[in-house]
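If you want the building blocks of each chain, they are given just below.
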Amino acid sequence: MSIEQVQVVIAGAGPVGSVAAAYLAQHGIDVLLCEQGNDAAQDLRASTFHAPTLEMLDEIGVTDKLLAMGLKAPVYHWRDRKSDEVFSFDLTELSDIARYPYRLQCEQYHLAKMLADRLDGLDNAQVLFEHRVVHVAQDDAGVSVALEHMTGIKQIRCQYLIGADGANSIVRKWMGIDFDGFTYPEKFLCLSTEFPVESKVPDLAMVNYISDSDEWLVLLRVPNLWRVLVPALGEETDAYLLSDEKKTKVFDGILGDGAEIETRHRTIYRVHQRVAKTFRDGRIALIGDAAHLNNPLGGFGMNSGIHDAFNLCEKLVSVLKGETSDDVLDLYDRQRRTVTHAFTQQQTLENMEMMRAGQSEAHRQRVESMRALAENPEKRRQFLMRQAMFSSLADAAAID
Ligand SMILES: Cc1cc2nc3c(=O)[nH]c(=O)nc-3n(C[C@H](O)[C@H](O)[C@H](O)COP(=O)(O)OP(=O)(O)OC[C@H]3O[C@@H](n4cnc5c(N)ncnc54)[C@H](O)[C@@H]3O)c2cc1C
């Protein structure tokens, strides 16, 4: 059996793996992107691109295309459902440092799809759909990767392998890397509708985090739809969560009358907080959901994965061009894993507590400090820098 050789194999053509492949190909590296699905998945999960992510994506020439497809959301709201108090945050306050001072609302599959299409036309890139990584082994000279496809197994030999194969990463499993953390007991239900929710709910931003001790929700706009995310109670079965009865109940709570609402999607998600013990082992590195998982409150999962991809691939290009030793890949692990714990994990846990509200003294203090920072320009700026993910990138860059 012939063994194909390539400089870098990337497992998984989600948004993060596709970005890594595009970056490497643009810098002259031979890259093979393999995906178990038959196309870039029509995945509705991520819908928010943060400002520094858009700056990065501009380096690989896709930001203008995303801007043409998406909606700019400069303002987002934290709202208390019981008191109706609204904290409004305006990202244009960062216009002096942000080239794109807003959240761009656009579904993640647009990015993965456009990059896969583009890679297909390049001489130094190959995209293989319906090719599933089934085995990985490394030695001092390289990595052997086995890909299962319709008619057999293809063997690939590469210098480096990137695992961008999502939450259940087989690359991470073959490396034997622990993925510590927890899974939230509740499931999360995402519904979408073409109904103009803004016609019934006054003063809505395009992104609204609505806290409530009974049932919190996220209400956000993508180009043709409103998306609603609610937690599911333990005793609610999947069949009930996907039923008209549940749909009507959710929209009753938002609009007063949910019976007439038609949905385009009804999806149940399991949500986790987990971080891999290391993001690098020899010639193999993990990026995106393969390396870390967090709840969707704040829109950090895909964005932080894209930040991993840029951080790793910048270093990998210099290694493959012989400009530096691959010890620099340990720096990737230190930088990205540190900010994953210090920012993404911590902030999403805090966001969940804020959404769950409740009557505790701790929650009263959380609301008080959000009120204080919303009213104080300096504190508000720091908050916006954190939420837009500029601070975590600066923190990572400061690690040596
Ligand atoms: C409800 C919800 C809303 C969210 N909203 C946001 C948001 O607004 N902003 C944000 O930043 N994040 C958000 N996230 C998180 C975001 O969706 C993920 O962080 C993001 O999809 C991670 O991208 P990825 O490319 O690492 O992994 P994935 O998107 O999971 O892609 C992995 C790819 O690898 C492929 N694959 C898996 N195993 C193999 C194998 N063995 N061989 C080959 N291919 C394989 C899969 O088919 C898949 O295509 C949200 C998540 C949820 C649940």
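Up top is the structure these notes are about.
What counts, and where the lines are drawn
- Residues numbered from 1 in each chain as written.
- Predicted model: local features only at pLDDT ≥ 70, side-chain atom pairs only at ≥ 80, totals over all residues.
- Heavy atoms only, no water.
- Near = heavy atom within 4 Å.
- Polar contact = N/O pair within 3.5 Å; in protein donor to acceptor, adjacent residues only side chain to side chain.
- Areas by Shrake-Rupley, 256 points an atom, 1.4 Å probe, with all protein chains shown as cover.
- Helix = DSSP H or I, 4+ residues; strand = E, 2+ residues; numbered from the N terminus.
- Pairing = 2+ DSSP bridges.
- Axes fitted to C-alpha atoms, helices over the stretch in contact; angles between N-to-C directions.
- Contact = heavy atoms within 4.5 Å.

### A closer look at the site of the ligand
Neighbouring the ligand are 28 residues; Glu35, Arg45, Gln108, Asp289 and Met302 lie closest to it. At 2.6 Å, a side-chain N or O of glutamate 35 approaches an oxygen atom of the ligand. The contact in question runs from an oxygen atom of the ligand to an N or O atom on the backbone of threonine 48, over 3.2 Å. For the ligand, the accessible surface in isolation is 1,000 Å², of which the surrounding protein chains cover 90%. When residues in the shell around the ligand are grouped by element, the largest group, 3 residues, is from helix 8 (residues 301-320).

### Focus on the sheet that holds strand 14 (residues 207-211)
Ordered by their spatial adjacency, 7 strands build an open sheet running 6-5-14-15-16-13-17, and the pairing between neighbours is mixed. Only two strands of the sheet have a single neighbouring strand rather than two, namely strand 6 (86-90) and strand 17 (263-269). Across the sheet, the axes of successive neighbouring strands diverge by a mean angle of 15°, strand direction being ignored. Across 6 bridges, the pairing between strand 13 (residues 187-193) and strand 17 is antiparallel. Bridging across to strand 17, cysteine 190 finds its partner in threonine 267. Running at roughly 60° to strand 14, helix 9 (residues 328-356) makes contact with strand 5 (75-80), strand 13, strand 14 and strand 15 (217-222) of the sheet.

### Things to note about the side chain of histidine 307
Within the fold, histidine 307 resides in helix 8. A polar atom in the side chain of histidine 307 sits 2.8 Å from the side chain of threonine 53. Here histidine 307 is in contact with Pro52, Thr53, Met56, Arg336, Met389 and Leu393, once residues within four sequence places are set aside.

### Some points on the environment of glycine 152
Topologically, glycine 152 is positioned in strand 11 (residues 152-163). Residues glycine 152 and cysteine 190, 38 residues apart in the sequence, show an inter-C-alpha distance of 37 Å.

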